[in-house]
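# Topology and contacts: notes
Letter by letter, the chains look like this.
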Amino acid sequence: MKITADTNVLVRAIVGDDARQSRTAQAALSNADEVALALPALCELVWVLAQGYNISSAEIAETIRRLMNGASVLVNRPAAEAGLSFLEAGGDFADGVIAFEGRWLGADVFASFDRKAVKLVEGQGGTATLLT
């Protein structure tokens, strides 16, 4: 069976704070022929792990890389790597994904009120504008 893992399945499998659900989530992921990791689920996962469980960005990045490197995992790797690049540089995973996808869709400029996100886009060779 091929599954798309919802954020709550990923959280339960990773955090293990509910023994029954954690076992169920881990079994679903390991028994699947393929596991699709949707970008919105990864964005939510980063937020939940950071805000809800106070897990460091480095640990979150390592966890996502382990998930992505699973043999049966399907993910938009370039977009996820862009998110990880932002996360590891002290920024927001979702901003990296958004900036990447915007460029992929043909946008010329990343526009944001977020100074850090604009600086990270520019630091990675992209064009960005800070809205005020």
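Residues numbered from 1 in each chain as written. Predicted model: local features only at pLDDT ≥ 70, side-chain atom pairs only at ≥ 80, totals over all residues. Heavy atoms only, no water.

### Notes on the packing of helix α1 (residues 7-15) against helix α2 (residues 19-31)
- α2 packs onto α1 with a crossing angle of 110° between their chain directions and a minimal axis gap of 8 Å. In this view, α1 runs roughly perpendicular relative to α2, as classed from their interaxial angle. The segment α1 lies against α2, with V9, L10, R12 and A13 engaging Q21, S22, A25, Q26 and L29.
- Looking at the contact of α1 with α2 residue by residue, the classes come out as five nonpolar, three polar and one charged. (Axes fitted to C-alpha atoms, helices over the stretch in contact; angles between N-to-C directions. Helix = DSSP H or I, 4+ residues; strand = E, 2+ residues; numbered from the N terminus. Parallel < 35°, antiparallel > 145°, perpendicular 65-115°, else oblique. Contact = heavy atoms within 4.5 Å. Nonpolar A, V, L, I, M, F, W, Y, C, P; charged D, E, K, R; others polar.)

### Structural notes on unusual backbone geometry
- The backbone phi angle of N54 is positive, close to 55°, even though this residue is not glycine.
- The topology assignment puts N54 in the loop between α3 (39-52) and α4 (57-68).

### A short note on the side chain of D95
- The residue D95 is located in helix α6 (residues 93-104) in this model.
- One buried charge, D95, has no salt-bridge partner; the nearest side chain with opposite charge is K116, at 8.8 Å. (Buried < 20%, exposed > 50% of the residue type's maximum accessible area, 1.4 Å probe, protein only. Lys, Arg positive; Asp, Glu negative; His and termini not counted. Salt bridge = Lys/Arg side-chain N within 4 Å of Asp/Glu carboxyl O.)

### Overview of the sheet that holds strand β3 (residues 73-75)
- Strand order across the open sheet formed by three strands is β1-β2-β3, with parallel pairing between neighbours. If you trace the sheet from one side to the other, it starts and ends with β1 (2-4) and β3, each paired once. Going across the sheet, the axis of each strand differs from the next one's by a mean of 25°, ignoring polarity.
- Of the pairings in the sheet, the one linking β1 to strand β2 (residues 34-37) comprises three bridges and is parallel in character. Within β2, the position partnered with T4 by the bridge is A36. (Pairing = 2+ DSSP bridges.)

### Observations concerning the packing of helix α5 (residues 77-88) against α6
- The interhelical angle for the contact between α5 and α6, taken along N-to-C directions, is 135°, at an axis separation of 7 Å. It follows from the interaxial angle that α5 and α6 lie oblique. Relative to α6, the crossing made by α5 is right-handed. Residues P78, A79, A80, A82, G83, L84, F86 and L87 of α5 form the contact with α6, whose own contacting residues are F93, D95, G96, V97 and F100.
- A breakdown of the residues in the contact of α5 with α6 according to their chemical character gives ten nonpolar, two polar and one charged. (Left-handed = near helix turned anticlockwise from the far one by under 90°.)

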